[in-house]
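Notes for the structure review
What follows is each chain in one-letter form.
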Amino acid sequence: EVMHRPGKLGLASAYLDAKDTARAVATVQRLVDLDPLNKAGLHIVAQAWELRGRADSADHYGRLADSLTVDISIASLVRDSTGATVTGVASNLGRAQSRPFRITVELLDAKGTVLATQPVDVPALAPGGSQQFDVRGSGAGIVGWRYRRS
């Protein structure tokens, strides 16, 4: 559940193609819960709500996706005998300098239980600029991650 983000996105897209909007919304909502600054996931949620006839929800998620100027992507999760390190990148997709903000990265076990938490300050980024960050968690059993704005 805590892994397989590309699979969840692909599955949600397949459900949309099959006009199974209930499953599309449920699948992509789990992805958005883990990866809330995922522009593609937010667009799929908007499409699913539109197909379900819920213009208000479709507009909400569409505006949210379109308003994202900073993309957060996780490049790797590397485990070792003492814990795990998540490496991510914040990238400014906009045409203007972004505002600084904070995310909280949570490192998870296979059941989705939070084993470690660390705040990450994302600085103001120039247009097209990016900033790498690392989050280290100690302890066995870390297999996934999620983040949220703080």
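Residues numbered from 1 in each chain as written. Predicted model: local features only at pLDDT ≥ 70, side-chain atom pairs only at ≥ 80, totals over all residues. Heavy atoms only, no water.

A closer look at the environment of G144
To be explicit about the condition: Going along the chain from the N terminus, every DSSP run of H or I of four or more residues is numbered as a helix, and every run of E of two or more is numbered as a strand. Only protein chains enter the accessibility calculation, which uses a 1.4 Å probe; a residue is then buried when its area is under 20% of its type maximum, exposed when over 50%, and partly exposed in between.
Mapped onto the secondary structure, G144 falls in strand β6 (residues 144–149). A relative accessible area of 0% places G144 in the buried class. A C-alpha to C-alpha distance of 9.4 Å links G144 and A84, two positions 60 residues apart in sequence.

Re helix α2 (residues 21–34)
Think of an α-helix as 3.6 residues a turn; residues three or four steps apart then line up on the same face. Test applied: A helix is expected to span 1.5 Å multiplied by its residue count minus one. Contacts: residue pairs with any heavy atoms within 4.5 Å of one another.
Counted at 1.5 Å a residue, the expected span for α2 with its 14 residues is 20 Å, and the 20 Å between its end C-alpha atoms agrees. Looking at the buried positions of α2, the neighbouring elements they touch are α1 (5–17), α3 (39–51), β3 (101–108) and β6.

Details of the sheet that holds β6
Just so we agree on the cut-off: Here the rule is simple: two strands pair whenever DSSP picks up at least two bridges between them. For helices, the axis comes from a line fit to the C-alpha atoms of the stretch in contact; other axes are also lines fit to C-alpha atoms, and the angle between any two N-to-C directions lies between 0 and 180 degrees.
If you trace the 3 strands from one edge of the open sheet to the other, you get β4-β3-β6, paired in antiparallel fashion. The open sheet has two free edges, formed respectively by β4 (114–122) and β6, since each of these has just one partner strand. Neighbour-to-neighbour, the strand axes of the sheet open up by a mean angle of 25°, direction not taken into account. Bridging between β3 and β4 involves 8 bridges; their strand directions are antiparallel. In the sheet register, I103 faces β4, and the bridge partner there is V120. Against the sheet, α2 contacts β3 and β6, and its axis sits at roughly 75° relative to β6.

So, α1
Formally: Regarding the arc, it is the one traced by the directions from the helix axis to the C-beta atoms.
Taking 1.5 Å as the rise per residue, α1 with 13 residues should run 18 Å; its terminal C-alpha atoms sit 19 Å apart, in good agreement. Those residues of α1 lying buried are R5, K8, A12 and L16. Seen from one end, α1 has its buried residues packed into an arc of 75°, which puts them on one side. Set apart from the buried face of α1 by more than 90 degrees, the exposed residues are P6 and D17. Residues of α1 that are buried sit in contact with α2, α3 and β6.

Description of the environment of A24
Within the secondary structure, A24 is located in helix α2. Judged by relative accessible area, which is 0%, A24 ranks as buried. In this structure, the C-alpha to C-alpha distance between A24 and A14, residues 10 residues apart in sequence, is 7.9 Å.

Observations regarding the pattern of salt bridges
Where we set the bar: One side-chain nitrogen of Lys or Arg within 4 Å of one carboxyl oxygen of Asp or Glu is enough to make a salt bridge.
For the structure on display, the rule yields 6 salt bridges. Ionic pairing is found between D20 and R23, a salt bridge with its closest N-O pair at 3.7 Å. The class for D20 is partly exposed, based on a relative accessible area of 23%. Of the charged contacts, one joins D56 and R54 as a salt bridge, the two residues approaching to 3.7 Å between their closest N and O atoms. We classify D56 as exposed; its relative accessible area is 51%. What emerges from the salt-bridge pattern is a single network uniting E106, R146 and R148.

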